[in-house]
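So you can see what is in the structure, the chains are spelled out below.
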Amino acid sequence: MWPAVEPTNPSTDPTDALSAVPAAGARRGVAPTGRLRFFFGPMDCGKSTLALQIDHNQARQGRRGLLLVRHDRSGTPTISSRMGLARHALEVHEDMDLRALVRRRWADGARVDYLIVDEAQFLSPAQVDQLAELADDAQLDIYCFGLATDFRSTLFPGSRRLFELADDLDAIQVEVLCWCGHPGRFNARVHDGDVVRAGDTVLVADTAHTSDEVRYQVLCRRHYRTGDLGPETVQGRQLSLT
């Protein structure tokens, strides 16, 4: 006969610590919470495109969301992609309380399951705190998209607070190249053909060459340091090897 097998005591089972499933009741009494996520990268990496895609995917599942933006480059309350996609959004003003905004929606009978916040680097630290509170206390899923650093290679105050508080930090994987072909990370401000390193932190412009005297250009660290913007024109054909 086989020897009797002693029943396992869950409290002393040494394999219990290896289990990926929490013990029964381990999270009992813990209120569900939303998540605060920050998607970041340099200009032209597709942040706004991803924001619109996530909103589309959420809405397809019957969820209701709010689209928010601060200082979109279009100059209008819109989340706009350089690929031509755009959706109307609510403009976040400097003194806006985002908690009160959601409460007003609730008072009007609207459901809010998630927030999409584009150009989140321009939020104040206090507004990022409000987003964290909405995730924790109102169980909202909050998706923020923005730059990490400004034209001086210094963290934006809003981005810094997001790095401190967000549940998930996601570097957008679409690679942006400097003119030399190396990965670009730095958002250089260009004024009359020169890289400038002083001035107002918030100055909305685009990356395209236009008649405006101020634009932005993504550079690698080396060319950001040296201020080298590369050739003035880029030919729309392959280089000749002869």
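Every chain is numbered on its own, with residues counted from 1 as its sequence reads. Totals for whole chains, interfaces and linings use every residue, but because this is a predicted model, local features are given only for residues with pLDDT of at least 70 and side-chain atom pairs only at 80 or more, for both listing and counting. Calculated side-chain values reflect all of the structure's heavy atoms, with hydrogen atoms and water omitted.

## Quick look at the nonpolar core
At step 1: Among buried residues, the Ala, Val, Leu, Ile, Met, Phe, Trp, Tyr and Cys ones that are joined through side-chain atoms within 4.5 Å form a nonpolar core. A 1.4 Å probe rolled over the protein chains alone gives each residue an accessible area, and that area as a share of the maximum for its type sets the label: buried under 20%, exposed over 50%, partly exposed in between. Membership of the largest hydrophobic core comes to 27 residues, with the highest contact counts inside it found for Leu-115, Leu-131, Ile-142 and Cys-144.
At step 2: A run of H or I in DSSP becomes a helix once it reaches four residues, and a run of E becomes a strand once it reaches two; helices and strands are each numbered from the N terminus. Every element with two or more residues in this core is listed here: β1 (36–40), β2 (65–69), α2 (98–107), β6 (114–118), α3 (125–137) and β7 (141–146).
At step 3: Ranked by residues supplied to this core, first place goes to α3 with five residues.
At step 4: Residue contacts are counted whenever heavy atoms from the two residues lie within 4.5 Å of one another. Look past the residues within four positions of Leu-131 in its chain and what remains in contact with it is Leu-36, Leu-98, Leu-115, Val-117, Leu-123, Ile-142 and Cys-144.
At step 5: Within the second largest apolar cluster, 22 residues are counted, among which are Leu-52, Tyr-114, Phe-122 and Phe-151.

## Brief notes about the UniProt feature "binding site: substrate" (unreviewed entry) in the chain
At step 1: UniProt positions are given in the numbering used here, feature names are shortened, and annotations may be inferred rather than shown by experiment. Those places that UniProt annotates as "binding site: substrate" (unreviewed entry) correspond, in this numbering, to Tyr-216.
At step 2: Relative to the elements of secondary structure, Tyr-216 occurs in strand β11 (residues 214–219).
At step 3: A distance of 3.1 Å separates a polar atom in the side chain of Tyr-216 from a polar atom in the side chain of Arg-189. Any pair of N or O atoms that falls within 3.5 Å is considered a polar contact. Within protein, one atom must be able to donate a hydrogen and the other to accept it, and sequence-neighbouring residues count only if both atoms are side-chain atoms.

## Looking at the packing of α3 against helix α4 (residues 157–165)
At step 1: The geometry of α3 relative to α4 is characterised by a closest axis approach of 8 Å and an angle of 30° between their N-to-C directions. Of the two possible hands of crossing, α3 and α4 adopt the one that is right-handed. Contact residues: α3 offers Pro-125, Val-128, Asp-129 and Ala-132, while α4 offers Pro-157, Gly-158, Arg-161, Leu-162 and Leu-165.
At step 2: Residue type decides the class: Asp, Glu, Lys and Arg count as charged, Ala, Val, Leu, Ile, Met, Phe, Trp, Tyr, Cys and Pro as nonpolar, and the leftover types, Gly among them, as polar. Considered class by class, the residues forming the contact of α3 with α4 number six nonpolar, one polar and two charged. Axis definition: a line fitted to C-alpha atoms, limited for helices to the stretch in contact. Angles are taken between N-to-C directions and run from 0 to 180 degrees. The handedness criterion is simple: a crossing whose near helix is rotated anticlockwise from the far helix by less than a right angle is left-handed, and one whose near helix is rotated clockwise is right-handed.

## Brief notes about unusual backbone geometry
At step 1: Positive phi is not limited to glycine here, since Ser-153 has a value of about 65°.
At step 2: Its location among the elements puts Ser-153 in the loop between β7 and α4.
At step 3: A positive phi is found at Asp-192, a non-glycine position, where the angle reads about 50°.
At step 4: Here Asp-192 shows up in the loop between β9 (186–191) and β10 (194–196).

## Topic: α3
At step 1: In this analysis, the expected span of each helix is defined as 1.5 Å times one less than the number of residues it contains. Here α3 is 13 residues long and its end C-alpha atoms lie 18 Å apart, about the 18 Å a rise of 1.5 Å per residue gives.
At step 2: Every buried residue of α3 is accounted for by Gln-127, Val-128, Gln-130, Leu-131, Ala-132, Leu-134 and Ala-135.
At step 3: Looking at the buried positions of α3, the neighbouring elements they touch are β1, α2, β6, β7 and α4.
At step 4: Backbone geometry just after α3 places Gln-139 at a positive phi near 55°.

## Let's talk about the sheet that holds β11
At step 1: Spatial strand order, β10-β9-β11: three strands in an open sheet with antiparallel pairing. Whereas interior strands pair on both sides, the edge strands pair on one side only; in this sheet they are β10 and β11. If you compare each strand with its neighbour and ignore which way they point, the axes differ by 50° on average. Only strands that DSSP links by at least two bridges are regarded as paired with each other.

## Considering the pairing of β2
At step 1: Burial runs high along β2: four of the five residues are buried.
At step 2: By the bridge criterion, five bridges tie β2 to β6 in an arrangement that is parallel. Counterpart to Leu-66 in the pairing with β6 is Leu-115.
At step 3: Note: β2 against strand β5 (residues 90–91), two bridges, orientation parallel. Each residue of the ladder has a partner; that of Leu-68, found in β5, is Leu-90.

## Description of the pattern of salt bridges
At step 1: By convention in these notes, a salt bridge is any Lys or Arg side-chain nitrogen within 4 Å of a carboxyl oxygen on Asp or Glu. This structure, assessed with the given rule, holds eleven salt bridges.
At step 2: In this structure, Arg-161 engages Asp-129 in a salt bridge whose closest nitrogen and oxygen atoms are separated by 2.8 Å. Placement of the pair is Arg-161 in helix α4 and Asp-129 in helix α3, with a sequence separation of 32 residues.
At step 3: The class of Asp-129 is partly exposed, set by a relative accessible area of 31%.
At step 4: Overlapping salt bridges bring together Arg-35, Arg-37, Asp-168 and Asp-170 as one network.

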